[in-house]
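Fold and contact review
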Amino acid sequence: MPSEQSEKTLIIKGRDEKETPKVHKCKLLAVSGPLQGEEFLIDKDTFTIGSGDHNDLTIQDSTISRRHCEIRLDPDGSRIRDLGSTNGTYTGGIRISEAFLTPGSEFRLGKTRIVFCPMQEAMDYRLSSSERFGNLLGSSVPMRRVFHLAETYAPTEATILIEGETGTGKEVLAEEIHKHSKRRHQPFIVIDCASLSRELVESELFGHSKGAFTGATADRPGAFEYASGGTVFLDEIGELSPELQPKLLRVLEKREIRRVGSNQMRNIDVRIISATNRRLQNEVNAGRFREDLYYRLSVVHIEIPPLRNHKQDLPLLTRKFMQEFMGPNAEDKIADFERTMRIFSTYGWPGNVRELRNLVEVASYADRQPVDMGAFLAIGHKLTSEQDSLKFDAERPFKDVKNELIAAFEKDYIKKILEQHNGVISRAAESAGIERAYLQRLIKKYKMK
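Residues numbered from 1 in each chain as written. Predicted model: local features only at pLDDT ≥ 70, side-chain atom pairs only at ≥ 80, totals over all residues. Heavy atoms only, no water.

For the rest of this paragraph, the subject is the overall build of the protein chain. Counting its regular elements, the protein chain contains 14 helices and 20 strands. Classification of the 449 residues of the protein chain by burial places 48% in the buried group. Look at the contacts in the protein chain between residues 6 or more apart in sequence, and 62% of them connect residues 24 or more apart. Carbon and sulfur atoms provide 46% of the accessible area of the protein chain, an area that totals close to 22,500 Å². (Helix = DSSP H or I, 4+ residues; strand = E, 2+ residues; numbered from the N terminus. Buried < 20%, exposed > 50% of the residue type's maximum accessible area, 1.4 Å probe, protein only. Contact = heavy atoms within 4.5 Å. Areas by Shrake-Rupley, 256 points an atom, 1.4 Å probe, with all protein chains shown as cover.)

Moving on, we get to the nonpolar core. Ranked by size, the top nonpolar core spans 29 residues in total, and within it Phe224, Leu234, Ile237, Leu248 and Ile272 carry the most contacts. Setting aside residues up to four positions removed in sequence, isoleucine 237 forms contacts with Leu161, Cys193, Leu248, Ser274, Ala275, Thr276, Leu280, Phe289 and Leu297. (Core = buried A, V, L, I, M, F, W, Y, C linked by side-chain atoms within 4.5 Å.)

Summed over all chains, the structure comprises 5 aromatic pairs. On the numbers, 5.9 Å between centres and 10 degrees between planes, the contact of phenylalanine 206 with phenylalanine 224 is stacked. Placement of the pair is phenylalanine 206 in helix α3 (residues 198-206) and phenylalanine 224 in helix α4 (residues 223-226), with a sequence separation of 18 residues. The same class applies to phenylalanine 206 and to phenylalanine 224, which are both buried. Measuring from ring centre to ring centre gives 5.2 Å for phenylalanine 344 and tryptophan 349, while their planes differ by 80 degrees; the resulting arrangement is edge-to-face. Both residues of the pair, phenylalanine 344 and tryptophan 349, count as buried. Each member of the aromatic cluster is reached from another via a ring pair, and the members are Phe344, Tyr347 and Trp349. We note arginine 108 situated over the ring of tyrosine 90; from NZ or CZ to the ring centre the distance is 4.4 Å. Over the face of the ring belonging to tyrosine 125 we find arginine 145, whose NZ or CZ atom lies 4.7 Å from the ring centre. (Phe/Tyr/Trp six-rings, centres within 6.5 Å; stacked < 30°, edge-to-face > 60°. Lys NZ or Arg CZ within 6 Å of the ring centre and 35° of its normal.)

Moving on, we come to the sheet that holds strand β1 (residues 22-32). Strands sit in the order β2-β1-β11-β10-β7-β8 across an open sheet of 6 strands; the sheet is antiparallel. Strands with a single pairing partner mark the edges of an open sheet, and in this sheet they are β2 (39-42) and β8 (94-96). Taken over all neighbouring pairs, the strand axes of this sheet differ in orientation by 35 degrees on average, direction set aside. Sheet topology note: the β1/strand β11 (residues 112-124) ladder contains 9 bridges and is antiparallel. Residue pairing across strands places histidine 24 opposite alanine 122, the latter belonging to β11. (Pairing = 2+ DSSP bridges. Axes fitted to C-alpha atoms, helices over the stretch in contact; angles between N-to-C directions.)

Applying the stated criterion to the full structure yields 29 salt bridges. Taking the shortest distance from any N to any O, the salt bridge between glutamate 303 and arginine 279 comes out at 3.3 Å. Of this pair, glutamate 303 sits in strand β20 (residues 300-303) while arginine 279 sits in the loop between β19 (271-276) and α6 (280-285); the two residues are 24 residues apart in sequence, bridging distant segments of the chain. With a relative accessible area of 23%, glutamate 303 lands in the partly exposed category. (Salt bridge = Lys/Arg side-chain N within 4 Å of Asp/Glu carboxyl O.)

Confidence along the protein chain averages 86 in pLDDT terms, with 90% of residues attaining 70 or more. Within the protein chain, the lowest mean pLDDT, 52, falls on helix α11 (residues 377-383), and the highest, 98, falls on strand β14 (residues 160-163). Confidence over residues 1-17 falls short of pLDDT 50; this stretch has 40 contacts with residues more than four positions distant or in other chains. The model gives residues 380-389 a pLDDT under 50, and that stretch makes 13 contacts with residues more than four places away or in other chains. (pLDDT = per-residue confidence, 0-100.)

Packed helix pairs are characterised by how far apart their axes lie and by the angle those axes make with each other. Running from N to C, helix α8 (residues 314-326) and helix α10 (residues 352-364) cross one another at 45 degrees; their axes reach a closest spacing of 9 Å. The orientation of α8 relative to α10 falls into the category oblique. In the packing of α8 onto α10, the handedness of the crossing is right-handed. The segment α8 lies against α10, with Leu314, Leu317, Thr318, Phe321, Met322, Glu324, Phe325 and Met326 engaging Val353, Leu356, Arg357, Val360, Glu361, Ala363 and Ser364. (Parallel < 35°, antiparallel > 145°, perpendicular 65-115°, else oblique. Left-handed = near helix turned anticlockwise from the far one by under 90°.)

Buried within helix α14 (residues 436-445) we find Tyr438, Leu439, Leu442 and Ile443. All buried residues of α14 project into a common sector of 140 degrees when viewed along the axis, lining one side. One or two steps after α14, the chain reaches lysine 447, where phi turns positive at roughly 55 degrees. (Arc of directions from axis to C-beta.)

One face of the sheet, then the other: side chains in a regular strand alternate in exactly this way. Relative to β2, β1 runs antiparallel, the two sharing 4 bridges. Residue pairing in the sheet places leucine 29 in a bridge with glutamate 39 of β2. Hairpin connection from β1 to β2: 6 residues lie between these consecutive antiparallel strands, with glycine 33 at a positive phi of about 95 degrees.

Here we take up the packing of α8 against helix α9 (residues 337-344). Viewed as axis vectors pointing N to C, α8 and α9 meet at an angle of 120 degrees, and their least axial separation amounts to 10 Å. Overall, the two elements α8 and α9 adopt an arrangement that is oblique. The element α8 and its partner α9 pack so that their crossing is right-handed. In contact with Leu314, Pro315, Thr318, Arg319 and Met322 of α8, α9 contributes Phe337, Glu338, Met341 and Phe344.

Take lysine 254: it is sitting in helix α5 (residues 245-254). For the pair lysine 254 and asparagine 267, spaced 13 residues apart in sequence, the C-alpha to C-alpha distance is 8.4 Å.

The strand order across the open sheet built from 5 strands is β15-β16-β19-β14-β20, with neighbouring strands paired in parallel fashion. Only two strands of the sheet have a single neighbouring strand rather than two, namely β15 (188-192) and β20. Neighbour-to-neighbour, the strand axes of this sheet turn through a mean angle of 20 degrees, independent of strand direction. Pairing between β14 and β20: 4 bridges, direction parallel. By the bridge assignment, leucine 161 is partnered in β20 with histidine 301. Packing against the sheet, helix α1 (residues 141-153) makes contact with β14, β19 and β20, and its axis sits at approximately 150 degrees to β20.

As structure tokens, this is what we get:
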């Protein structure tokens, strides 16, 4: 969470809301440290600072990490974010993970103190004019920024790194980039680096020769050979073991692989897109991920925002999932859609778009219509919780299992909401976002007092 609040970056708009917003360029003035008295221009939306040579601003200081922090300029404001540095980034004497910067704000890293100075000169903050990119939807500025980057680089051969929390749609974006590329008619191969054992990852990626290990009864090509002419998507790349990282780096640099148990090098023709729910720059600073591999993977870097940061897209996304699960006239089956959206907007969505989709799917199974989706918010969260996974017998009929699941949720939810409001039905209904009469019917249905 940001430790400071700020004024928003000025956005200059034309008559059309879809016109390109403008954000101001900025200067950084070093007031102490090795670069004291020097000024540095920020004329891009992401500006990195650290002791490594690949940064936009390099500071030779042993107390500063190689990738120490970054400054982002966007329509929500100017922010500084620490990248998991060893000694931290400070604003106002407080160590921060992320903070807004206002005109004249001072921040410190190592021995260097820097003053943030916005300029009058503005620059474009490029956005897509579309509210969708393939199967991804969003009219908000953060999502249209993602679509702009995807539209720009999908037709190229650029290696792309996608970062974002679990459930934000990283694999969907990767596949849509492939579909919008020149390789669209060739394979799209997915490798989940988190789900494979260390013993199998190398074989899955590079293949193996007969007799390479116990169970290798025949030659087998790996993902890079299967994807020839197409795209390899390395999901959860942050989980890749240190032993395999230099081998992947060689693939990126030389475009060749060697099967496990073989000495023969094989040329490959693939594009690589990777994704992670970690901040990979933090992993680099912590020594868990190779810096040279990071730069090879992130030729283009796309960060998908969490749903809580673009809640204005909730109606658009909810309608999409309603039509998916309830048909073209889905909105007629929902009780007070606008009220449902107000309830949804107060929730943090820890499971992101996946959680929203799960919620709408569960609500679509309700026996009574119109459906009050606000009442299903808790079960939608439960479906995405790793700590509280649902258990059921998949051998039984779907309808029976579904009815028992919903009944168990309704009984548990009603019991808790009544306890919170000392049995006062009107207050419990208002808190739950459902009609008083509907709550009374549920109480009667489950013979509750």
